[in-house]
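Structural description and commentary
Below, each chain spelled out in residue letters.
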Amino acid sequence: MNTTNTDINMHEEIQGADLSVPAPLQEPLRQYYFLKRARAWTAEKEEELGRPLTCHVTTFGCQMNARDSEKLLGILKEAGYEETDSEEADFVIYNTCTVRENANLRVYGRLGVLHGYKKKNPHMKIALCGCMMQEPDVVEKLKKSYSFVDLIFGTHNIFKFAELLAAMQESDRTIIDIWKDTDQIVEDLPVERKYPFKSGVNIMFGCNNFCSYCIVPYVRGRERSREPEEILKEIRHLVDDGVKEVMLLGQNVNSYGKNLDTPMSFAGLLREAVKIDGLERIRFMTSHPKDLSDDLIRVMAESEKICRHLHLPLQSGSSRILKIMNRRYTKEQYLALAERIRAAVPDIALTTDIIVGFPGETEEDFQETLDVVRRVRYDSAFTFIYSKRTGTPAAAMEDQVPEDVVKDRFDRLLKEVQEISKEMAERFTGSCQSVLVEEKNSQMEGYVTGRLSNNHVVHFCAPESLIGQIVNVRLDECRGFYYMGSLLDGPDTPV
Ligand code: SAH
Ligand code: SF4
Ligand code: F3S
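The structure presented is a predicted model; accordingly, all values stated were derived computationally and were not measured.

Our focus in this paragraph is helix H13 (residues 363-376). Helix length check: H13 (14 residues) gives 20 Å between terminal C-alpha atoms against 20 Å at 1.5 Å per residue, within 8%. Against helix H11 (319-324), helix H12 (331-344), strand E13 (349-356) and helix H14 (403-426) lie the buried residues of H13. Directly beyond the C-terminal end of H13, a positive phi value near 55° is found at Arg377.

Okay, here's the thing in structure tokens:
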């Protein structure tokens, strides 16, 4: 990968930190200081053990968590750790999610396994961060029953990871640092991307919507947008470093920029981003239907760079339930919006999230959801069983739906969604599409896997050297959730 000027400056700043004086208060200089200190500790330990120290970051949550994990790994590498695929490492951090209870349970289950590794390796350190740590009950439970954990911090102070890492290295006691909220956004910290050719870019943090079932606003705090110049600078830097595709990330990208000193709309930000030379594709996640503007639809229709995919969470098709969910749109408004989008961008793939079994959901309400599914005809849909999250208004609602009823509805919904997705995918069979080659196919020798602008996946025979390139592929056959295709031409390998 290229090393860009920004990277060089950051390395110089870290190297230049003066450890003989107290840490500076200003960010990110303070973190650079602690990075240098952590690196010195790691080097000493390496010397003592006669081997490099290894680290592993495990992500449990959404794309935003995945992006946070890249920041954690950036710090760890800068602090002298080597990444390993295994959780049997000298430093393991779980970046947790708590959006549904099963995300939570998985963490506890796997912590038991980590404890086993730690008993074998006395140098091992275990850290926990992310959304689950913002719940006081969780931290209490960890203190009581999981005292082998060395470091616990939350979502608001993740920018302080270098400082917390250094403190953990130098201490034998568990370090716990959880903030209730923050208005700070710290820029220019190291990041280690998973893919050289694509990257997530945070455009905002937190959420102000308070959908009545959702814990995210409580664990991620109030909505804060990054300055457009910072976002565009980051994208330019990524493009200089080989990135072709960015995914702009926020819990509700459609309300981007409203609270900036100089307000800017999400459509406005996209208009600036498409101008960046060398950037070939732009995706974004997630759009709240209530804030999706006609201007956004216009920008999507105008620019080929903006991917032909829109994730538009429905949650429920019943206006009555949507109201109690505090989603602030009706079934009719949602349907009209989906229609406007399809009319303006006919080849767009629409995907969604649906919750089944929200408190008080009746069979009639559920039928409304099925009706929207049949009318919108989603290219794919994530379906979730409602999960009660402590502290949210819905958790206190009476008439929670019995488990067997929910399960039955869930199965019926899934069947419907899958049949429609299959039929929808067929409409592209035979067409030629531009594809970003993402990886070697693990099942078929000589094949690679790539992604279409509309987020569908295609497998085709091509050399691995094309990974990271955008090529033209004919979609020969649709196999439900993916295509088999043939390479038409590569950037420099005509076939
Ligand atoms: N900000 C995004 C969603 C983030 S959470 C949005 O508003 O679209 C991702 C998905 O998890 C949600 O869309 C919702 O479908 C689901 N979800 C959130 N809370 C849930 C809960 N308590 N039970 C079940 N599913 C939930
Ligand atoms: Fe949760 Fe609603 Fe915010 Fe999405 S918009 S994160 S579902 S509160
Ligand atoms: Fe989970 Fe937090 Fe994302 S709760 S879905 S990781 S914002």
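Moving on, there is more to tell.
Moving on to empty space enclosed by the protein. All told, the structure shown has 2 cavities of 30 Å³ or more when counted by the stated rule. Here the largest cavity defines a volume of roughly 60 Å³. Trp41, Lys45, Leu53, Tyr81, Asp90, Phe91, His123, Lys125 and Met168 together form the lining of the largest cavity. Along the lines of polarity and charge, the residues of the lining of the largest cavity split into 5 nonpolar, 1 polar and 3 charged. Here the second largest cavity is characterised by a volume of approximately 50 Å³. Here the lining of the second largest cavity is composed, by residue class, of 3 nonpolar, 2 polar and 1 charged.

What follows concerns the sheet that holds E13. One open sheet accounts for 3 strands, arranged E12-E13-E14; its pairing is parallel. The sheet is open, and its two borders are formed by strand E12 (309-311) and strand E14 (380-385), each paired with just one other strand. Between one strand axis and the next, the sheet turns through 15° on average, direction left out of account. Against the sheet, H14 makes contact with E13 and E14, and its axis sits at roughly 175° relative to E14, the strand it touches most.

The full set close to ligand 1 counts 15 residues, and Gln251, Pro313, Gln315, Asp353 and Ser387 are the nearest of them. In this structure, a nitrogen atom belonging to ligand 1 sits 3.0 Å away from a main-chain N or O atom of Tyr213. Asp353 is positioned with one of its side-chain polar atoms (N or O) 2.6 Å from an oxygen atom of ligand 1. Relative to its free-state accessible area of 550 Å², ligand 1 is covered by the protein chains to the extent of 90%. Going through the elements one at a time, E13 and E14 are the ones with two or more residues in the shell around ligand 1. Counted by class, the shell around ligand 1 contains 7 nonpolar, 4 polar and 4 charged residues.

Right, let's talk about the pairing of strand E10 (residues 245-249) for a bit. The side chains of a regular strand alternate, residue by residue, between the two faces of the sheet. Across the 5 residues that make up E10, a large majority, 5, are buried. Pairing geometry for E10 and strand E11 (residues 281-285), over 5 bridges, is parallel. Residue Val246 lies in a different strand from E11, and its bridge partner there is Ile282.

Conventions we followed
- Residue indices begin from 1 for each chain and proceed along its sequence in written order.
- Lettering for chains starts from A, numbering for ligands starts from 1, and both go in the order in which the items are written.
- Under the rules for a predicted model, residues below a pLDDT of 70 receive no local features and side-chain atom pairs below 80 are neither given nor counted, while totals for whole chains, interfaces and linings still include all residues.
- Hydrogens and water molecules were not included; the side-chain quantities draw on all heavy atoms of the structure.
- Labels follow the DSSP assignment, with helices taken as runs of H or I lasting at least four residues and strands as runs of E lasting at least two, numbered in each case from the N terminus.
- For a helix, the expected span equals 1.5 Å multiplied by the number of residues minus one.
- The criterion used for residue contact is that any of the two residues' heavy atoms lie within 4.5 Å.
- In the cavity and pocket records, a cavity denotes points on a 1 Å grid over the protein atoms alone where a 1.4 Å probe fits but cannot get out, a pocket denotes an open set with protein on both sides within 12 Å along at least 5 of 7 lines, and lining residues are residues with an atom within 4 Å of a point.
- Grid points are joined across faces, edges and corners, and a volume is the space filled by probe spheres set on the points.
- Three classes are used: nonpolar for Ala, Val, Leu, Ile, Met, Phe, Trp, Tyr, Cys and Pro, charged for Asp, Glu, Lys and Arg, and polar for all others, with Gly counted as polar.
- A pair of strands is labelled paired if DSSP reports no fewer than 2 bridges between them.
- Fitting a line to C-alpha atoms yields each axis, with helices limited to the stretch in contact; the angle taken between N-to-C directions then spans 0 to 180 degrees.
- Whether a residue is near a molecule or strand depends on its heavy atoms: if one lies within 4 Å, it is near.
- In protein, a polar contact requires one atom able to donate a hydrogen and another able to accept it; more generally it is a pair of N or O atoms within 3.5 Å, and residues adjacent in sequence count only if both atoms are side-chain atoms.
- For the area figures, the Shrake-Rupley method with a 1.4 Å probe applies, and any residue is considered shielded solely by the protein chains shown.
- Accessible area is worked out with a 1.4 Å probe on protein chains only. A residue is then buried under 20% of its type maximum, exposed over 50%, and partly exposed in between.

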